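Structure assessment
Below are the chains, spelled out letter by letter.
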Amino acid sequence: MKGLISTKMLSPSELALSIDRYALTVALSLYRQKKHEQRSCFEIFYRKSPSPELPGVIFAGTHFLKRFLKSVDVRNAFLESSIKSLDLESEPGFVDFICEAKESALEIESVSEGILASPNMPVITLKGKIAHLLLFEAPILSILQLASSAATTAFVFSQFGQGKDMLEMGLRRAFGPEAGAIVSYYSCLSGFRSSSNMVIEPSLGKQSIGTISHAFILAYEHDPNLSTLVFPPDFLARLGAASSEEVVARVLVKRKQFGAEGAVLSELKAFLAYAITFPDKFTGLVDTYDSLGSGFLNVLVVASLLSDAGIHRFGLRLDSGDLCELSVKIREAFRKVDEVYGTHFAKDAVIIASNDINLDFLKKLQHTPNELDKLGIGTNLSTFSILKPIGFVFKLSEIDSFGVSKNSNEIKKSYLPFSKVVYKASKGESRYVVVAGETERVGAGVQMKFFRTDTSSDLPEEILIEFDFVERILRKEFANFDEKLFVENIERESVLFKKEGYAAPVVLFSEKLITAKEQGMKSLKYA
């Protein structure tokens, strides 16, 4: 990884104050009752898949979380405002204690980024002093929510891309530049070819992509005179032309040759101006005036000129209308030109579609004739339109070695007590996630009793199973983000996604955890 994304929108002090007020007031109450240093374990999970298209969540965000915990400056934040806000002038000991809250005071275990996390599966556990852990609940959950939403949305879109190159173009629609950077980052790790956001260049070492804007084309609307174009010497040399005037004359001949005299001349000038600047990366945006009656024809003229310079690859972007139908008509029009002039425009043209592409459009591609090569996804990617909120929760499961858990009026909001270990396991083709207590051992080749809680019944379903394979996945590798491993996880999940009967790993809980919950073992040491 070249470098972590950080737009530094907030100062370290402001970051430290990005917490819910109750975290501080509860911490103060614990401090005054001398319970603030109780060793505690919190776990993070979510309860329900946020998308009908995917039975889980692509987990992401731990390395951004690491960066946050390293950057927060709690002491300065408190000295500047919180002491006065909470009337803490008489509590210097509490302020000193809270200011000790930093990454080194926490023990964090996490599953790998890029895996498909099932509902109710712990993805992170945090251990430390209870008041310190409470302080970070809100920022931790918000970071995971953003990153996992970005990775999950990008993964789903990429699975329905029909093998076409997917391009992320959502920065302008994102919830701020920092969110846009994270969307771009995880899109490029979750199946997208590239992004229009230049932040991926230092962070991923990838080349960003871009075409041209309508504003650029309209900037030439009142200046259609091609004779004012200046062609640089290197471009003239590639064309074998002696002057700009010679090139303009050649362009006018091509305009007549291809029947493009009715196309908007100022649009042609804009295309030429861009092609002069980026001859090897020209992509014309064709719908400013008329996609077929003007934009296509002007791209054809420019493509012919570039071909004279030995540059054969060019692009054309559709941004309105029936994108599938237009792509077919344009490719066919290129083929007709090729038949007459012996050119290869139909093969050389890269047709890109944008225009608010959503999941319904991608599904339509499965049975709609089209000639699209690449798809630019913007708004519906960067705003996570296919997802409901993931809803990560941060729950206390153990305090001073005693198990605790919430007994809610809603069964779906309850959870199991005690610090846990998480394994991935398999039996034949079936995938499982096994959640057990820290003192338990789960291995392959031994029949054990487990329970499912994700059934329609309010009672856990008992399962006897002997796994073929078991591996611990909740590990103390919080700081060691590996982009290669992320991509491998995504590619593995992508292969499984395409198989019939695709499902998330079934989450199984150990008999001891279920028993502890049922018997109310909240005040007994877990053995």
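As the structure is a prediction and not an experimental result, all values here were calculated from the model.

1. What to know about the packing of helix α3 (residues 62-71) against helix α7 (residues 137-159)
The interhelical angle for the contact between α3 and α7, taken along N-to-C directions, is 145°, at an axis separation of 9 Å. Handedness of the crossing formed by α3 with α7: right-handed. On α7, the residues touching Thr62, Phe64, Leu65 and Phe68 of α3 are Pro139, Ile140, Ile143 and Leu144. In terms of residue class, the contact of α3 with α7 is built from 7 nonpolar, 1 polar and no charged.

2. Points about the confidence of the model for the protein
Caution applies to low-pLDDT regions: their predicted coordinates should not be interpreted in detail. Residues of the protein with pLDDT of at least 70 account for 91%, and the chain-wide mean is 90. Ignoring residues within four places in sequence, the model shows residues 522-527, a span with pLDDT below 50, making 20 contacts including any to other chains.

3. Some words on the packing of aromatic side chains
Going through the model one piece at a time under the given rule, you end up with 26 aromatic pairs. Measuring from centroid to centroid gives 5.2 Å for Tyr185 and Tyr186, while their planes differ by 85°, and the two rings are edge-to-face. Their ring planes at 25° and their centres at 5.8 Å tell us that Phe231 and Phe235 sit as a pair that is stacked. Of the residues examined, Phe231 reaches a relative accessible area of 3% and is grouped as buried. Over the ring of Phe160 we find Lys363, and its NZ or CZ is 5.5 Å from the ring centre.

4. Some details on the side chain of Glu43
Its place among the elements puts Glu43 in strand β1 (residues 39-45). Within the structure, the side chain of Glu43 is placed 2.7 Å from the side chain of Lys420, a separation counted as a polar contact. In this view, Glu43 contacts Pro122, Ile124, Thr125, Val393, Phe394, Lys395, Ser397, Tyr415, Leu416, Phe418 and Lys420; residues no more than four positions away in its chain are not counted.

Parameters at a glance
- Each chain carries its own residue numbering, running from 1 in the written order of its sequence.
- Under the rules for a predicted model, residues below a pLDDT of 70 receive no local features and side-chain atom pairs below 80 are neither given nor counted, while totals for whole chains, interfaces and linings still include all residues.
- Excluded from the side-chain calculations are hydrogens and water; all other atoms, namely the structure's heavy atoms, are used.
- The axes are straight lines fitted to the C-alpha atoms, using for helices just the contacting stretch, and the angles between their N-to-C directions are given from 0 to 180°.
- Under the scheme used here, helices are H or I runs from DSSP no shorter than 4 residues and strands are E runs no shorter than 2 residues, and both carry numbers assigned from the N terminus.
- Handedness of each helix crossing follows the sense of rotation of the near helix against the far helix: counterclockwise by less than a right angle gives left-handed, clockwise gives right-handed.
- Here, two residues are considered to be in contact whenever any of their heavy atoms come within 4.5 Å of each other.
- For this classification, the nonpolar set comprises Ala, Val, Leu, Ile, Met, Phe, Trp, Tyr, Cys and Pro, the charged set comprises Asp, Glu, Lys and Arg, and every other residue, Gly included, is treated as polar.
- pLDDT expresses, on a scale from 0 to 100, how confident the predictor is about each individual residue.
- Ring geometry is summarised as follows: Phe, Tyr and Trp rings, the Trp one being its six-membered ring, pair when their centres sit within 6.5 Å, and such pairs are stacked at plane angles under 30 degrees, edge-to-face over 60 and tilted between the two.
- A simple rule labels every residue: compare its accessible area, found with a 1.4 Å probe on the protein chains alone, to the largest value its type can have, and call it buried under 20%, exposed over 50%, or partly exposed in between.
- Two thresholds decide whether a charge sits over a ring: the Lys NZ or Arg CZ must be within 6 Å of the ring centre and within 35 degrees of the ring normal.
- Within 3.5 Å is the distance limit for a polar contact, defined as a pair of N or O atoms, with the added protein rule that one can donate a hydrogen and the other accept it, and that residues adjacent in sequence qualify only through two side-chain atoms.

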